[in-house]
Amino acid sequence: MNGQQKPQAPEPAAATGALAAPERPGAGAGAGSVDPVRGLMERHRGLCERAVDPLEIAVGLEADGLTDRSAARFRHRDVFSLAEELYARSPAPESERGPESRHEHPPDRTRTAPGAGRRTRGRWRAAGLLLPGALCTATVLALSLPQPGSSAPGVVAALGVTAVLLSLVYVLRGAALSVLAVSAATVLLCYALYGDALLRAALAGGPDAFPEIASRCVPLTLAWSVAAALGFARWFALRARWRLAESESLSAFAASVRPLLALAVLGFAAAVGLLWQLTHGLLGHRPAGAEWSAVTALGLLLFVALLLCAHGFGRVAGRVLATAAALELLALTLVFAARLPGLEPLGTPVELPATAYGEAAVPALICLVVATGALIRAGRLLTGACAHRRAWPG
């Protein structure tokens, strides 16, 4: 595409759409003509001057609401083609862009080999991903040993939980988690630890005491799955940025990213299933199908929420997790409300799956339904170029 492209025919200012800024006096081919691309370039002058390749301009235009259909008003087939002309006509000096940025397909700077110091930091970050699983395993093994006093198990559990939480704060420090997402995830994790036992006691007429953790395999699997989640999330983010550098249009980029998202989700689900088997083998327990379904569904929900948060959609992730947490608390509320006279039918939707498949079937069904909806939403949000404006955090 020629950077000095001239409009082939005059076009009224009203036909340029809402995204085109008014033409400056004296600009254009003549007194009665308007250059719609120049008007758009004036509106996004800062973006065009700072951009090092046309892709950055395409991302900014998409974030501003311009689509391929809108690009047709500027005599271009798509947003990427329009961004190329804006880049070519930008007044930024060559010294700021560099000669390599004029290639038809700009080089992928994410593939350049990092220095020795960066490789060392990468190894430490990779080792840090294992901290939640390692600390949770150490806590579970310590609790299985004979304790010298009656208060010792409580102290060991408190120290272990604190250590695991601090490690989670460390490994998730760059994921841009929203307050709502963190709060809702905390409720979901508490239900995963105590919800099944509480629901079982509620259906039996209780509870008479504070419920115990149904299975120590649940926290172990979830703690180790943090490393798998961050690993697959980083894999998706890096390859999506590579595809962004290689794509010739935003629609082609979206089509190439959808399989990456599906592979990341399927890979994480397989990792959770493998971790579930390994933790049961470590503790010598017999795996339960309903509990595996609940842990896998919860893991998938949290993984999709992590992807949304890391790519700038923390509010969406928070609403998704809050919906799942509210539904799980509603299930418990319905069981207790069914004890009131005349309200017995309220507990039927919870009693039927719990009686047929076990108490873990209730959170499994809730998390699976919400995770499916979240994945559909993520398939629309994470395939846009504006979701990959920055590299994976950390």
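For the structure, check the block above.
Our focus in this paragraph is the environment of Arg69. Looking at where Arg69 falls in the secondary structure, it is placed in helix α4 (residues 68-71). Taking C-alpha positions, Arg69 is 8.5 Å from Val79, a pair spaced 10 residues apart along the chain.

This brings us to empty space enclosed by the protein. In this structure the tally under the stated criterion is three cavities of 30 Å³ or more. Of the voids in this model, the largest cavity is the one considered here, and its volume is about 120 Å³. Contributions of two or more residues to the lining of the largest cavity are made by α10 (179-203), α13 (289-310) and α16 (361-381). Looking at the lining of the largest cavity, its residues break down into nine nonpolar, no polar and three charged.

Before going further, it helps to examine helix α9 (residues 152-171). The terminal C-alpha atoms of α9, which comprises 20 residues, lie 29 Å apart, in line with the 28 Å expected from a rise of 1.5 Å per residue. Of the positions making up α9, those classed as buried are Ala152, Gly160, Val164, Ser167 and Val171. Projected down its long axis, α9 carries its buried residues within an arc of 90 degrees, all on one side. Counted as exposed and oriented over 90 degrees from the buried face of α9: Leu166 and Val169.

Each aromatic ring pair is summarised here by two numbers: the centre-to-centre distance and the angle between the ring planes. Throughout the structure, instances matching the rule amount to one aromatic pair. Each ring, one from Phe268 and one from Phe303, has its centre 4.7 Å from the other, and the planes form 15 degrees; the classification is stacked. Within this pair, whereas Phe268 is found in helix α12 (residues 250-283), its partner Phe303 is found in helix α13, the two being separated by 35 residues in sequence. Here Phe303 falls in the buried class, since its relative accessible area comes to 1%. In this structure, Arg173 packs its charged tip against the face of Tyr170, placed 4.4 Å from the ring centre.

The next thing to look at is the packing of helix α14 (residues 314-337) against α16. Running from N to C, α14 and α16 point in directions that differ by 165 degrees, and their axes come no closer than 10 Å. Between α14 and α16, the interaxial angle falls into the category roughly antiparallel. The way α14 lies across α16 gives a crossing that is right-handed. Two secondary-structure elements touch here, α14 through Val316, Val320, Thr323, Ala324, Leu327, Glu328 and Ala331 and α16 through Val362, Pro363, Ile366, Cys367, Val370, Ala374, Arg377 and Leu381. When grouped by side-chain class, the residues that make up the contact of α14 with α16 number 12 nonpolar, one polar and two charged.

A grouping of Tyr194, Phe210 and Ile213 is seen on the molecular surface, where their side chains present a nonpolar patch of about 310 Å² in accessible area. By the secondary structure assignment, Phe210 is in the loop between α10 and α11 (217-246).

Turning our eyes to something else, we now look at the pattern of salt bridges. Under the criterion given, the structure shown has one salt bridge. Residue Arg200 is joined to Glu359 by a salt bridge in which the shortest nitrogen-to-oxygen separation is 3.6 Å. Linking Arg200 in helix α10 with Glu359 in the loop between α15 (348-357) and α16, this pair joins segments that are 159 residues apart in sequence. By relative accessible area, Glu359 is classed as buried at 18%.

Rules used in this analysis
- Residues numbered from 1 in each chain as written.
- Predicted model: local features only at pLDDT ≥ 70, side-chain atom pairs only at ≥ 80, totals over all residues.
- Heavy atoms only, no water.
- Helix = DSSP H or I, 4+ residues; strand = E, 2+ residues; numbered from the N terminus.
- 1 Å grid on protein atoms, 1.4 Å probe; cavity = no way out; pocket = protein on both sides within 12 Å on 5 of 7 lines; lining within 4 Å.
- Points joined across faces, edges and corners; volume = space filled by probe spheres on them.
- Nonpolar A, V, L, I, M, F, W, Y, C, P; charged D, E, K, R; others polar.
- Expected span 1.5 Å × (residues − 1).
- Buried < 20%, exposed > 50% of the residue type's maximum accessible area, 1.4 Å probe, protein only.
- Arc of directions from axis to C-beta.
- Phe/Tyr/Trp six-rings, centres within 6.5 Å; stacked < 30°, edge-to-face > 60°.
- Lys NZ or Arg CZ within 6 Å of the ring centre and 35° of its normal.
- Axes fitted to C-alpha atoms, helices over the stretch in contact; angles between N-to-C directions.
- Parallel < 35°, antiparallel > 145°, perpendicular 65-115°, else oblique.
- Left-handed = near helix turned anticlockwise from the far one by under 90°.
- Contact = heavy atoms within 4.5 Å.
- Patch = residues over 30% accessible without salt bridge, like charges linked within 9 Å, V, L, I, M, F, W, Y side chains within 5 Å.
- Areas by Shrake-Rupley, 256 points an atom, 1.4 Å probe, with all protein chains shown as cover.
- Salt bridge = Lys/Arg side-chain N within 4 Å of Asp/Glu carboxyl O.

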